[in-house]
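Chain residues, written in single-letter form:
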Amino acid sequence: MTWDRGLQFERTDLSWRRTVLAVTAGLALAGRYLAAGNAVLGIALPAAALVCGVGMLWLFTARIRRAERVVRAITIGAPTIERMPGGGLIAAVALMTGLAILAGVVFVSTSALVT
């Protein structure tokens, strides 16, 4: 069985980069709007979102590279001590997305109550 190099891992890597970029931008904007009255929070929340986004990009790239090494080793029949990565990082992105949605709901509900 030969392995088709294709671009599967590259496509997966790019799709995760787009997802993390979108979540990071959403959290940065939400943090900016949530802290509109406080200058310190207005800078700290978007900065924290950017730091988390860069960290997530690094982790996802490492995850994709690890999965690629495992698949290549299995395909050519070479023994490997590595295992496929788990779903903890994907759960973290789901949690970040949930927090972004919650921040949006809080912002909309508080602005509706003020007016």
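This text follows the structure it describes.
The sections below set out a description of the structure shown in this document. (Residues numbered from 1 in each chain as written. Predicted model: local features only at pLDDT ≥ 70, side-chain atom pairs only at ≥ 80, totals over all residues. Heavy atoms only, no water.)

**A word on the overall build of the protein chain**
Along its length, the protein chain carries 3 helices and 0 strands. When the helices and strands of the protein chain are placed in sequence order, the string is α-α-α. A compact globule built from 115 residues should have a C-alpha radius of gyration of about 13 Å, whereas the protein chain, at 19 Å, is more than 25% larger. Projected onto its principal axes, the C-alpha coordinates of the protein chain cover approximately 65 × 25 × 20 Å. For the protein chain, with 115 residues in total, the buried portion stands at 26%. Across the protein chain, the fraction of contacts at a sequence separation of at least 24, relative to all contacts at a separation of at least 6, is 66%. Of the accessible surface of the protein chain, which amounts to about 7,900 Å², a share of 72% is contributed by carbon and sulfur atoms. (Helix = DSSP H or I, 4+ residues; strand = E, 2+ residues; numbered from the N terminus. Rg over C-alpha atoms; globule rule 2.2 N^0.38 Å. Buried < 20%, exposed > 50% of the residue type's maximum accessible area, 1.4 Å probe, protein only. Contact = heavy atoms within 4.5 Å. Areas by Shrake-Rupley, 256 points an atom, 1.4 Å probe, with all protein chains shown as cover.)

**Considering helix α1 (residues 8-34)**
Here α1 contains 27 residues, and its C-alpha end-to-end distance of 39 Å stays within 8% of the 39 Å for a straight helix at 1.5 Å per residue. Within the sequence span of α1, burial applies to Phe-9, Asp-13, Trp-16, Val-20, Val-23, Thr-24, Leu-27, Ala-28, Ala-30 and Gly-31. Structurally, α1 contributes buried residues whose contacts are with α2 (39-76) and α3 (88-114). (Expected span 1.5 Å × (residues − 1).)

**Focus: the packing of α2 against α3**
When two helices pack together, their arrangement is given by the angle between the helix axes and by the axis-to-axis distance. Packing of α2 against α3 brings their axes to within 11 Å, and their N-to-C directions diverge by 150°. For the element pair α2 / α3, the angle class is roughly antiparallel. α2 and α3 meet at a crossing whose hand is left-handed. Taking contact as the criterion, the partners of Met-56, Leu-59, Phe-60 and Arg-63 in α2 are, on α3, Leu-89, Ile-90, Ala-92, Val-93 and Met-96. (Axes fitted to C-alpha atoms, helices over the stretch in contact; angles between N-to-C directions. Parallel < 35°, antiparallel > 145°, perpendicular 65-115°, else oblique. Left-handed = near helix turned anticlockwise from the far one by under 90°.)

**Describing the layout of surface pockets**
Computed from the structure, the largest pocket encloses a volume of approximately 220 Å³. Forming the walls of the largest pocket are Leu-27, Ala-30, Gly-31, Leu-34, Leu-45, Ala-48, Ala-49, Cys-52, Met-96, Leu-99 and Ala-103. At the level of elements, α1, α2 and α3 are the ones that each hand at least two residues to the lining of the largest pocket. Taken together, the residues that form the lining of the largest pocket break down as 10 nonpolar, 1 polar and no charged. (1 Å grid on protein atoms, 1.4 Å probe; cavity = no way out; pocket = protein on both sides within 12 Å on 5 of 7 lines; lining within 4 Å. Points joined across faces, edges and corners; volume = space filled by probe spheres on them. Nonpolar A, V, L, I, M, F, W, Y, C, P; charged D, E, K, R; others polar.)

**Here's the deal with the nonpolar core**
Ranked by size, the top nonpolar core spans 14 residues in total, and within it Trp-16, Leu-27, Met-56, Phe-60, Val-93 and Met-96 carry the most contacts. At the level of secondary structure, the elements contributing two or more residues to this core comprise α1, α2 and α3. Here the element with the most residues in this core is α1; it accounts for 6 residues. Apart from residues no more than four positions distant in its own chain, Leu-27 is found in contact with Ala-49, Met-96, Leu-99 and Ala-100. (Core = buried A, V, L, I, M, F, W, Y, C linked by side-chain atoms within 4.5 Å.)

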